[in-house]
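Structural overview
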Amino acid sequence: MSRYAHPAGSRHAEILPEDNPPMPPEDLNALDPRVWPATARRDGGEVSVGGIGVRELAAAHGTPLFVMDEEDFRRRARDFSQAFADADVYYAGKALLNKAVARWVVEEGLKLDVCSGGELAVALAAGVPVERIGMHGNNKSERELHRAVEAGVGRIIIDSFDEIERLEAVAAGLDRRPKVLIRVTTGVEAHTHEFVATAHDDQKFGFALSTGAAGGAVRAVLDAPHLELVGLHSHIGSQIFDTSGFEVAARRVARFLTGIHQELGVTLDELDLGGGLGIAYTSGDDPLDTKSIAESLTAIVRRECEEGGLPMPRIAVEPGRAIAGPAGITLYEVGTVKDVEGIRTYVSVDGGMSDNIRTALYGSEYTSQMVSRESSAGPMLSRLVGKHCESGDIIVHDLYLPADLRPGDLVAVAATGAYCYSMASNYNHLPRPAMVAVREGRARTIVRRETEEDLLRLDVG
Ligand code: PLP
């Protein structure tokens, strides 16, 4: 995945390029539409998103600032609901969730998947119809399950034998019978980073098909009087560009569905194939087309079910990154520009690993540009870094910025809508940034910036 390696040893270990830095782009000012949000433009030197210039956004809302292109987000959500017209599309809230985003999702006709009591609370606060919520998690607490069942969430995805017992007890206590799916792991090795691949057997999620655990889980749920088993769930990983993993997983899980029908005489009506579609973080990334993946997954499931004499189940998918990721950018102000002679220039901005941990965590690659003005200066090999006390606090390892870049300029990092704010921290007691939604020339704060008071609020001395 990444061209960079963390040598074994200290967490402060230098991160070394394994090969030469990329060639400079032909035009340092050009915005690649595959990477930048749909409404991003460079007008008169400055970049605008949603019809608003970044200088105005920074002046009004401060930096670092997450800027969500609402139109882009909504369009991607609509693309999914159209491509999967006969299926349920759950937006995976773990990618990015706040009340505004939850409402966009509902308004575009999608459902919402949550994976903790906190995400459920946001969904409920946003007014998401409870039957449109699916709840995940490999270690849901009794309290979380209680809240979910009491509220009446549409689907609970069961992840362990402990959970079958726990959920049965909770449902019995509330005299309810929630609809549940069983999460199975198909043994598919997704071609992605180890920490985001989720369907191989040696990991924490789900019930393995290969060991018979999945079959045992089906029997246990069927024996639980307060659980209504409606289907199966499979999620193979994230940031996947290769259709074969999805296809093999869909085939295996559809075969398992057929096996359940033949052995137990039970017909399960739903098959949730999870999320995981990759997006373009750099010009070299080539995401799968939503429509063609929808067609191929549906065809595989249909074929398997026909061969097994089973009616076609209702398919569900759970895209997160593919909806939120490309719609967001992070705007930073440059604070220091330090040339390490003969090596590269370190450009430090006013955020860092607390608002984007993905580079440090997964070796993710990003695209960044100076956005507050245009420049005709030559390319300067740079490393975009944050302000944390950590040498691994890197946002973009290698990029070319204009050689006349100076403190006060604004840079933006593209495709930060997913898994950046949602994974943000207060490391070094940095307040988390604000998030604005931009659309048709208007900017609206959807998450306010944290303050020092917020940081102290929980500290009771
Ligand atoms: N569904 C499940 C069960 C997940 O674990 C995840 C991500 O971890 C997703 C959906 C969303 O994945 P992505 O954002 O890559 O589409």
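To be clear, the structure that these remarks concern was listed above.
Residues numbered from 1 in each chain as written. Predicted model: local features only at pLDDT ≥ 70, side-chain atom pairs only at ≥ 80, totals over all residues. Heavy atoms only, no water.

Our focus in this paragraph is the overall build of the protein chain. Along the protein chain, the regular secondary structure elements total 12 helices and 23 strands. Here the C-alpha atoms of the protein chain give a radius of gyration of 23 Å, agreeing with the 23 Å that 2.2 N^0.38 yields for 461 residues. Viewed in the frame of its principal axes, the protein chain has a C-alpha envelope of about 70 × 50 × 45 Å. Going through the 461 residues of the protein chain one by one, you find that 55% of them count as buried. Within the protein chain, contacts between residues at least 6 apart in sequence are counted, and of these 70% link residues at least 24 apart. Accessible surface, the protein chain: about 19,400 Å² in total, of which carbon and sulfur atoms supply 48%. Separation of charge centres in the protein chain, based on 48 positive and 68 negative side chains, amounts to 4 Å. (Helix = DSSP H or I, 4+ residues; strand = E, 2+ residues; numbered from the N terminus. Rg over C-alpha atoms; globule rule 2.2 N^0.38 Å. Buried < 20%, exposed > 50% of the residue type's maximum accessible area, 1.4 Å probe, protein only. Contact = heavy atoms within 4.5 Å. Areas by Shrake-Rupley, 256 points an atom, 1.4 Å probe, with all protein chains shown as cover. Lys, Arg positive; Asp, Glu negative; His and termini not counted. Charge placed at Lys NZ, Arg CZ, Asp CG, Glu CD.)

Pairing within the open sheet is antiparallel, and its three strands lie in the order β3-β4-β5. In this open sheet, the two edge strands, each paired with only one partner strand, are β3 (41-43) and β5 (52-53). Note that strand β4 (residues 46-49) and β5 share two bridges and pair antiparallel. If you follow serine 48 over to β5, its bridge partner there is glycine 53. (Pairing = 2+ DSSP bridges.)

Another aspect to go through is the state of the cysteines. Taken as a whole, this structure holds zero disulfides when the rule is applied. Left unpaired, cysteine 115 is separated from the closest cysteine sulfur, that of cysteine 420, by 16 Å. (Disulfide = S-S within 2.5 Å.)

Here serine 425 shows up in the loop between β21 (410-414) and β22 (434-439). Those residues in contact with serine 425 that sit more than four places away from it in its chain are Ser354, Leu430 and Arg432. Side-chain polar atoms of serine 425 contact the backbone nitrogen of tyrosine 427, separated by 3.1 Å. (Polar contact = N/O pair within 3.5 Å; in protein donor to acceptor, adjacent residues only side chain to side chain.)

Let us now look at the site of the ligand. Taken together, 15 residues sit near the ligand, with Ser238, Gly276, Glu318, Arg321 and Tyr419 positioned nearest. At 2.8 Å from an oxygen atom of the ligand is found a main-chain nitrogen or oxygen belonging to glycine 276. Between the ligand and arginine 321, the relevant distance is 2.8 Å, taken from an oxygen atom to a main-chain nitrogen or oxygen of the residue. Notes on the ligand: free accessible area 390 Å², of which the protein chains cover 92%. (Near = heavy atom within 4 Å.)

Phe73, Tyr91, Ile182, Leu227, Leu232 and Leu384 are the most contacted members of the largest nonpolar core, which has 102 residues in total. The biggest single contributor to this core is helix α8 (residues 243-264), with eight residues. For this core, the domains that each give at least three residues are domain 1 (4-68 + 326-457) and domain 2 (136-319). Counting residues in each nonpolar core, the second largest holds 22 residues, with Val47, Val49, Ile329 and Ala414 among its members. (Core = buried A, V, L, I, M, F, W, Y, C linked by side-chain atoms within 4.5 Å. Domains from an automatic or database assignment.)

Okay, the packing of aromatic side chains next. Two aromatic rings, taken as a pair, are described by how far apart their centres are and by the angle between their planes. For the coordinates displayed, the defined rule picks out six aromatic pairs. Ring centres of phenylalanine 73 and tryptophan 104 lie 5.2 Å apart, and the angle between their planes is 65 degrees; this geometry places the pair in the edge-to-face category. In this pair, phenylalanine 73 is assigned in helix α2 (residues 70-83) and tryptophan 104 in helix α3 (residues 99-107), connecting sequence segments 31 residues apart. The same class applies to phenylalanine 73 as to tryptophan 104, namely buried. Ring geometry for tyrosine 281 versus tyrosine 366: centroids 5.1 Å apart, planes at 80 degrees, classification edge-to-face. With tyrosine 281 in the loop between β14 (270-272) and α9 (290-307) and tyrosine 366 in the loop between α11 (358-362) and β18 (368-370), the pair connects residues that are 85 residues apart, well separated along the chain. A single burial state applies to tyrosine 281 and to tyrosine 366, both of which are buried. Within the aromatic cluster, the residues linked to one another by ring pairs are Phe73, Tyr91 and Trp104. (Phe/Tyr/Trp six-rings, centres within 6.5 Å; stacked < 30°, edge-to-face > 60°.)

So, about the packing of helix α5 (residues 142-151) against helix α6 (residues 161-174). Remark: α5 packs on α6, axes separated minimally by 9 Å, with the N-to-C direction vectors making an angle of 45 degrees. Here α5 is positioned oblique relative to α6, judged by the angle of their axes. Crossing handedness for the pair α5 and α6: right-handed. Across the interface between the two elements, Glu142, Leu145, His146, Val149 and Glu150 from α5 touch Glu163, Arg166, Leu167, Val170, Ala171 and Leu174 from α6. (Axes fitted to C-alpha atoms, helices over the stretch in contact; angles between N-to-C directions. Parallel < 35°, antiparallel > 145°, perpendicular 65-115°, else oblique. Left-handed = near helix turned anticlockwise from the far one by under 90°.)

Right, let's talk about the packing of α8 against α9 for a bit. Pairs of packed helices are described in terms of their axes, by the angle between the two and the distance that separates them. With their axes 9 Å apart at the nearest point, α8 and α9 run at an angle of 30 degrees to one another. Relative to α9, the element α8 lies roughly parallel. Along this stretch, α8 crosses α9, giving a crossing that reads as right-handed. Contact residues: Thr243, Phe246, Glu247, Ala250, Arg251, Ala254, Arg255 and Thr258 in α8; Ile293, Ser296, Leu297, Ile300, Val301, Arg303 and Glu304 in α9. Its residues assigned to classes, the contact of α8 with α9 shows seven nonpolar, three polar and five charged. (Nonpolar A, V, L, I, M, F, W, Y, C, P; charged D, E, K, R; others polar.)

So, on to unusual backbone geometry. Across the junction of threonine 63 and proline 64, the peptide omega takes the value -10 degrees, indicating a cis bond. Within the secondary structure, proline 64 is located in the loop between α1 (54-61) and β6 (65-69). Its identity as a non-glycine residue notwithstanding, aspartate 175 has a phi of 55 degrees, on the positive side. As for its placement among the helices and strands, aspartate 175 is situated in the loop between α6 and β11 (179-185). On the basis of relative accessibility, which here comes to 63%, the residue aspartate 175 falls in the exposed class. Despite not being glycine, asparagine 428 has its phi angle at roughly 60 degrees, a positive value. With respect to the secondary-structure elements, asparagine 428 resides in the loop between β21 and β22. The partly exposed category is assigned to asparagine 428, whose relative accessible area is 32%.

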